[in-house]
Amino acid sequence: MTTDMIESNNTKSSAPLLTQRYLRMVTKDGHSTFQMDGAQGKGLAYLRDAWGILMDMRWRWMMLVFSASFVIHWLVFAVLWYLLAEMNGDLELDHDAPPDNHTICVKYITSFTAAFSFSLETQLTIGYGTMFPSGDCPSAIALLAIQMVLGLMLEAFITGAFVAKIARPKNRAFSIRFTRSAVVTHTEGKPYLMFQVANTRSSPLTSVQISAILYQEQENGQLHQTSVDFHLDSLTSDECPFFIFPLTYYHSITPSSPLAALLQREAAHHFELVVFLSAVQEGTGEMCQRRTSYLPSEIMLYHRFASVLARNAKGEYQIKMENFDKTIPELPAAADSKSPKRTAKEIRINGQHADSFQLSETGLTE
């Protein structure tokens, strides 16, 4: 039994990175699945990038962190105000009738609860009027100034973080949607790998760029990256200037294409095709990015996408998003039927070769 467990562990450790149970490197919504293990100074790196961590936090955790920062700030200065009152001897005195030779630093701080209440009132500038620092106590004035300066810095930081998180382009990228599957269809007898992307909001995006990387694991365990070119109809530019309706990007599967051998049914190679989209928001001019990935099981051979554009009774264009992920199968014979069949013929005169031609379905070709 122990030997079987050792063999099982060895098998798991030697399995390729991309052929285990969880095959995906990039999720469908664009998140990385890589885990960092054994990195030194990881905690220090997080502290140095505190702003980036706050921006990447979910809202519930961000609200918890900000609430906790205020409470901790109040508690720290409540302790300082309480210590000041104790060192000055204010806790045991009658604040309504203090001795003539004694200066009370903060009126009516006689317990920690009162000190916390004064810290809260000072930070929020409530000023109920019962508790107030004495102008004849320099320590109280200095502590008051320190709390106000640090409190203003904390409020400015939190306000800026909220505004930056609300206005960041990442929120706009959520309205960009890729098809769940890619298809390999034949046009004029040539195979093309296609996927669709849609802008689900009415506000257009500009300067849209698409790039794709093919990831394959090599025998030494390294991931090999290969660029895959995708094009949009007959646009000569790499950018799409106007993104308001679903776009279909295609890659011509030629013999030199890195996907030519991988998309054959008999090929057992595993790969992952990661697609990156970047666009500019028309209203703000900020860049937003979106990405997804396709596994071999998500690339459908001999399929094409259903039409998503239609016209209503008024002649206006309508986008039928219910057809966005729908695919229509096409028979392999039908995919090849668009290219005319040709039959080679030869002309002989008196047994000697004179000329040759091809007989096709559309006519004669020399």
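Just above, that's the structure.
Residues numbered from 1 in each chain as written. Predicted model: local features only at pLDDT ≥ 70, side-chain atom pairs only at ≥ 80, totals over all residues. Heavy atoms only, no water.

Visitor: A description of the overall build of the chain should follow, citing residues and the corresponding values.
Guide: Per the secondary structure count, the chain includes eight helices and 17 strands. Counting all 366 residues of the chain, 32% fall into the buried class. Summed over all atoms, the accessible surface of the chain reaches about 23200 Å², with 56% contributed by carbon and sulfur. (Helix = DSSP H or I, 4+ residues; strand = E, 2+ residues; numbered from the N terminus. Buried < 20%, exposed > 50% of the residue type's maximum accessible area, 1.4 Å probe, protein only. Areas by Shrake-Rupley, 256 points an atom, 1.4 Å probe, with all protein chains shown as cover.)

Visitor: I'd like to hear about the state of the cysteines, residue by residue, with values.
Guide: Note on terminology: disulfide describes a covalent bond linking the sulfur atoms of two cysteines. Following the criterion strictly, the structure yields one disulfide and no others. The disulfide partner of cysteine 105 is cysteine 137, and the S-S distance across this bridge is 2.1 Å. Residues cysteine 105 and cysteine 137 share a disulfide whose torsion about the S-S bond is about 60 degrees; that sign makes it right-handed. Here cysteine 105, found in the loop between helix 4 (59-88) and helix 5 (112-124), pairs with cysteine 137, found in the loop between helix 5 and helix 6 (138-167); they are 32 residues apart in sequence, far enough to count as distant. (Disulfide = S-S within 2.5 Å.)

Visitor: Tell me about the side chain of glutamate 272, and please be specific about residues and values.
Guide: With respect to the helices, strands and loops of the structure, glutamate 272 is situated in strand 8 (residues 272-281). Nearest to the buried, unbridged glutamate 272 among oppositely charged side chains is arginine 24, at 4.7 Å. At 3.1 Å, the side chain of glutamate 272 and the side chain of serine 293 are in polar contact. For glutamate 272, the residues in contact, after removing those within four places along its chain, are Leu23, Arg24, Met25, Val26, Ile213, Leu214, Tyr215, Ser293, Tyr294 and Leu295. (Lys, Arg positive; Asp, Glu negative; His and termini not counted. Salt bridge = Lys/Arg side-chain N within 4 Å of Asp/Glu carboxyl O. Polar contact = N/O pair within 3.5 Å; in protein donor to acceptor, adjacent residues only side chain to side chain. Contact = heavy atoms within 4.5 Å.)

Visitor: Talk me through the packing of helix 4 against helix 6; I want residue IDs and the actual numbers.
Guide: In contact at an axis separation of 11 Å, helix 4 and helix 6 are set at 180 degrees when each is read in the N-to-C sense. With respect to helix 6, the axis of helix 4 lies roughly antiparallel. Of the residues belonging to the contact of helix 4 with helix 6, the class tally is 19 nonpolar, five polar and two charged. (Axes fitted to C-alpha atoms, helices over the stretch in contact; angles between N-to-C directions. Parallel < 35°, antiparallel > 145°, perpendicular 65-115°, else oblique. Nonpolar A, V, L, I, M, F, W, Y, C, P; charged D, E, K, R; others polar.)

Visitor: Tell me what's going on with the side chain of serine 293, and back it up with residues and numbers.
Guide: Positionally, serine 293 belongs in strand 9 (residues 287-294). Reaching out from serine 293, the side chain makes a polar contact with the side chain of arginine 24 at a distance of 2.7 Å. Side-chain polar atoms of serine 293 contact the backbone oxygen of valine 26, separated by 2.6 Å. Every residue in contact with serine 293, bar those within four places of it in the chain, is listed here: Arg24, Val26, Thr27, Lys28, Glu272, Leu273, Val274 and Glu298.

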